[in-house]
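An overview of the molecular structure
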Amino acid sequence: MAAAFKLFSPGRLFRISRATKVFSCPSVQLHVTASAMGVSVEDFNTAKQKLSLLKNDPGNEVKLKIYALFKQATQGPCNTPKPGMLDFINKAKWDAWKSLGSVPQAKARQQYVHLISSLVAAEQPASEVAQPGEVSSYQTLLVSTADKITTITLNRPQKKNAITVEMYNEIIKALEQAAKDDSVLTVVTGSGDYYCSGNDLTNFTKIPEGGIEQMAKDAGELLRQYVNTFIDFPKPLIGVINGPAVGVSVTLLGLFDVVYATERATFHTPFSQLGQSPEGCSSYTFPKMMGAAKASEMLLFNKKLTATQACELGLVTEVFPDSSFQTEVWTRIKAYAQLPRNSLALSKQLIRSTEREHLHTVNDREVERLVERWLSDECMQAIMSFFQAKAKL
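Anyway, here's the lowdown on the structure attached to this text. (Residues numbered from 1 in each chain as written. Predicted model: local features only at pLDDT ≥ 70, side-chain atom pairs only at ≥ 80, totals over all residues. Heavy atoms only, no water.)

**As for the packing of helix H9 (residues 282-290) against helix H10 (residues 292-299)**
The line we're drawing: Every angle, taken between N-to-C directions, lies between 0 and 180 degrees, and every axis is a line fitted to C-alpha atoms, over only the stretch in contact when it is a helix. Secondary structure counts use DSSP, requiring at least four H or I residues in a row for a helix and at least two E residues in a row for a strand, with both numbered from the N terminus. These descriptions rest on fixed angle ranges, namely under 35 degrees for roughly parallel, over 145 for roughly antiparallel, 65 to 115 for roughly perpendicular, and the rest for oblique. Crossing chirality is assigned from the near helix's rotation relative to the far helix, an anticlockwise turn below a right angle marking it left-handed and a clockwise turn marking it right-handed. Note on definitions: a residue-residue contact is assigned when non-hydrogen atoms from the two residues lie within 4.5 Å. Gly falls in the polar group here, along with every residue not listed as nonpolar (Ala, Val, Leu, Ile, Met, Phe, Trp, Tyr, Cys, Pro) or charged (Asp, Glu, Lys, Arg).
The interhelical angle for the contact between H9 and H10, taken along N-to-C directions, is 135°, at an axis separation of 7 Å. With respect to H10, the axis of H9 lies oblique. As for how H9 packs across H10, the hand of that crossing is right-handed. Within the contact between the two elements, H9 uses Ser282, Ser283, Phe286, Pro287 and Met290 and H10 uses Ala292, Lys294, Ala295, Met298 and Leu299. Here the contact of H9 with H10 is built from residues that sort into 7 nonpolar, 2 polar and 1 charged.

**What about the pairing of strand S2 (residues 149-154)?**
Note the cut-off: Exposure classes here rest on a 1.4 Å probe applied to the protein chains alone. A residue is buried below 20% of its type maximum, exposed above 50%, and partly exposed in between. DSSP bridges decide pairing: two strands pair if at least two such bridges lie between them. Every crossover in which the path from the first strand over the helix to the second runs clockwise, viewed with the strands pointing away from the viewer, is termed right-handed.
Of all the 6 residues making up S2, 6 are buried; the element is thus mostly covered by neighbouring parts of the structure. Where strand S1 (residues 141-146) meets S2, 6 bridges bridge the pair, whose relative direction is antiparallel. Paired with Leu142 across the bridge in S2 is Thr153. Adjacent in sequence and paired antiparallel, S1 and S2 are bridged by 2 residues, among which Asp147 carries a positive phi angle near 55°. Inspection of the sheet shows S2 paired to strand S3 (residues 185-190) by 6 bridges, in the parallel sense. Its bridge partner lying in S3, Ile149 is registered against Leu185. In terms of handedness, the path from S2 via helix H6 (residues 165-180) over to S3 forms a crossover that is right-handed.

**Topic: unusual backbone geometry**
One non-glycine residue, Asp147, lies in the positive phi region at around 55°. Considering the arrangement of structural elements, one finds Asp147 in the loop between S1 and S2. The exposure class assigned to Asp147 is partly exposed, which follows from its relative accessible area of 46%. Positive phi outside glycine occurs at Lys148, with the angle close to 65°. In this structure, Lys148 sits in the loop between S1 and S2. In this structure Lys148 comes out as partly exposed when scored by relative accessible area, which is 42%.

Geometry only, nothing functional implied.
This is the structure we're talking about:
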């Protein structure tokens, strides 16, 4: 993996945000349990061995994070001179290590092990990591049922879990199966460093025989069905936001029952930037939960929220330190799963029933407007500009 840094293009390097900053919001208390620090030196050495077995390139940003955590875990805080401005590769590596500040070596070791484990798990076929109760395997997801919990993991980490047409259909299928299985609740999360980077814009490059009009119509119907599946989902639905979230993966959070986020998660809805308009019922749920002015900042003017800001506005239920995120959240979710199944489902029915029909109406209006947008010159030019800018990197 170290040798791979020599292959980096300077234009593709991303700086890692400070991992040690602790966030809080009025309703949140962040804390680290002793169990979160329980990674042994043996676990760390095993993770190093697993790293060499990775088949897919996780991307420069993730490799920089791996490098930084390794250095912090083995040597402590960065204590080497800063490379010159023209030494792009070493400067990027130095910046990544330096950004960890005074994170203790034990905590860095724990984060390193968790990151490598998530990358290894993401490369395994769903059938290899499935728990008892899994109905079928998927190409873009990991779906398993254990401890009365059905977990749906977006599994395209090399593409930051961007949603393809195939993934849309598989998520619909997974939710429909989870609605009927014996689990008490369902969790949606992402593999790798991202929760989800929104739509895979290559979806817009696959023009069917019916032309652009047919593509927009088909995409609109798929989106309508996708959002309806979340509106009608009968069990408690929990979002475990393990990293940055973009686009439809953010707007849908208004339809979840609980949303837990790591402190390094961000929430971005750049619709106007791409000549598009809101979806996922966010034109209704966002103003309702955060007020019209704050919702407009996100949905009209592309404001990106930190996890703390999202929590303060009601989009996120609680924020956790990245170092203890998985341990803390899953301990809590497993406790929830011990509650009476029918009581939870019927209580959710009461909460959702007053708005279900309105949510379907909102979804229909949003889809209709989006289809119009997709066929507009403004939207097409914005998407073309995106691909042109991406090609220059």
